[in-house]
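Observations on the three-dimensional arrangement
Here are the chains, one letter per residue:
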Amino acid sequence: MGRSKAIPLFPHPALLLEKGGERALVIADLHIGWEMALSEQGIHIPSQTRRFLERILGLIRDHEPSLLILLGDVKHTIAKADMAEWRDVPEFLDALRRSVREVVLVPGNHDGGIDPLLPSGIKVLGASGMRLWDRYGLLHGHAWPGPELLECDLLIMAHMHPTVTLSDPLGFRIIQQVWIRGRCDRGGLRERVGRRKAGVGKRGDLDCLIMPSFNDFLGGQSINRGDLGEVEYIGPILRSGLMELGESDVYMLDGTYLGKAKGLIRGD
Ligand SMILES: [Mn+2]
């Protein structure tokens, strides 16, 4: 059995999982159709779907994964699919399906009504996530993970679209996407998801990774906006406090390490 690795593909908001000769590429939060929602507010941005597709196809060419995992929020409108999504989503997914052996979707909160947009050959899993090679648990993060994910070594999530806010004394402010790497209270999570049997499964904290959104136009939750503990973060795991966000390590998209979240100067 080969050793496995989880490799953020800096500067891309994409993760490569490797075991032996096998590779899986993970992409989250595409929010296709987001531009159309903005145009209803009078802001017109050309469709970004082709740009996203070319970028992902480039990653597939470079890393040759046999599995592509879409970690939720492929599309933008929540409960339905709008006109642009009817056109863009099937074409986009079909192009991906033709370029990699297997494509799975772990649905996010924005993927309601996506079924009719899915070309054949794309597998849709439950919101409680999937387990890969007994090592990785993957879920979007708007729902609790399935109990089997808690026996993995690394829990990989999205949903938060994590960012850092950098401001200078003049009040200029930029917002950058980040990766967050931290730990979760494994026992606490087991209790929440209803697996209480003592002495069963792995011990110690569960390592967690929160991925940046692949769609680089989106807003997200800033890791240093307000004091930690004061801001309501999204998703049951973060809201439960079982993941210690302040103790988490923060990395920019290019891999620059910014330190622990609790050490970042307030950016609001
Ligand atoms: Mn999202």
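Thresholds, definitions, all that
Residues numbered from 1 in each chain as written. Predicted model: local features only at pLDDT ≥ 70, side-chain atom pairs only at ≥ 80, totals over all residues. Helix = DSSP H or I, 4+ residues; strand = E, 2+ residues; numbered from the N terminus. Rg over C-alpha atoms; globule rule 2.2 N^0.38 Å. Contact = placed C-beta atoms within 7 Å. Pairing = 2+ DSSP bridges. Axes fitted to C-alpha atoms, helices over the stretch in contact; angles between N-to-C directions. Core = buried A, V, L, I, M, F, W, Y, C linked by C-beta atoms within 7 Å. Buried ≥ 20, exposed ≤ 12 C-beta atoms within 10 Å, placed from the backbone. pLDDT = per-residue confidence, 0-100.

A look at the overall build of the chain
Along the backbone of the chain there are five helices and 14 strands. Computed over its C-alpha atoms, the radius of gyration of the chain comes to 18 Å, within 12% of the 18 Å expected for a compact globule of 268 residues. Dimensions along the principal axes, computed over C-alpha positions, put the chain at roughly 55 × 50 × 35 Å. Considering only residue pairs separated by 6 or more positions, the chain has 68% of its internal contacts joining residues 24 or more positions apart.

Examining the pairing of strand E9 (residues 154-157)
Direction of pairing for strand E8 (residues 136-138) relative to E9: parallel, over a ladder of three bridges. The partner of Gly137 across the bridge, within E9, is Leu155.

Details of the pairing of strand E11 (residues 173-184)
Judged from the five bridges that link them, strand E10 (residues 163-167) and E11 form a sheet pairing that is antiparallel. From the neighbouring strand, Leu166 faces E11, where its bridge partner is Ile174. Between E10 and E11, which pair antiparallel and follow one another directly, the connecting turn spans five residues, one of which, Gly171, has a positive phi of 95°. Bridge count between E11 and strand E13 (residues 249-252): four bridges; the pairing is antiparallel. Paired with Val178 across the strands is Met252, a residue of E13. Relative to strand E12 (residues 206-210), E11 is paired through five bridges, and the arrangement is antiparallel.

A look at the sheet that holds strand E3 (residues 22-27)
Pairing within the open sheet is mixed, and its six strands lie in the order E1-E2-E3-E4-E5-E6. The sheet is open, and its two borders are formed by strand E1 (4-8) and strand E6 (122-124), each paired with just one other strand. Neighbour to neighbour, the strand axes of the sheet diverge by 20° on average, direction disregarded. When strand E5 (residues 102-105) meets E6, the two strands line up parallel, connected through three bridges. Within E6, the position partnered with Val103 by the bridge is Ile122. In the packing of helix H2 (residues 49-63) onto the sheet, the strands contacted are strand E2 (14-19) and E3, and the crossing angle to E3 comes to about 165°.

Some remarks on the environment of His63
Tracing the chain through its elements places His63 in helix H2. Placed 38 residues apart in sequence, His63 and Leu25 show a C-alpha to C-alpha distance of 8.2 Å.

Some points on unusual backbone geometry
For the bond running from Phe10 to Pro11, omega is 5°, close enough to zero to count as cis. Tracing the chain through its elements places Pro11 in the loop between E1 and E2. In the Ramachandran plot, Asp134 falls in the positive-phi region, its phi being about 60° despite a non-glycine side chain. Along the chain, the position of Asp134 falls in the loop between strand E7 (130-132) and E8.

Observations regarding the nonpolar core
Formed by 60 residues in total, the largest nonpolar core has its most connected members in Val26, Ile27, Leu70, Leu71, Leu138, Ile156 and Met211. Contacts of Val26, omitting those with residues within four sequence positions, involve Ala14, Leu15, Leu17, Ile69, Leu71, Leu138 and Ile156.

Describing the environment of Gly146
Relative to the assigned elements, Gly146 resides in the loop between E8 and E9. Take Gly146: there are 18 C-beta atoms within 10 Å of it, and that puts it in the partly exposed class. Sequence-wise, Gly146 and Leu264 are 118 residues apart; in three dimensions their C-alpha atoms are separated by 32 Å. Here Gly146 is in contact with Ser128 and Gly129, once residues within four sequence places are set aside.

Some thoughts on the confidence of the model for the chain
Taken residue by residue, the chain gives an average pLDDT of 88. The fraction at 70 or more is 92%. Within the chain, helix H1 (residues 34-39) has the poorest average pLDDT of any element, 79, and strand E4 (residues 67-70) the best, 98.

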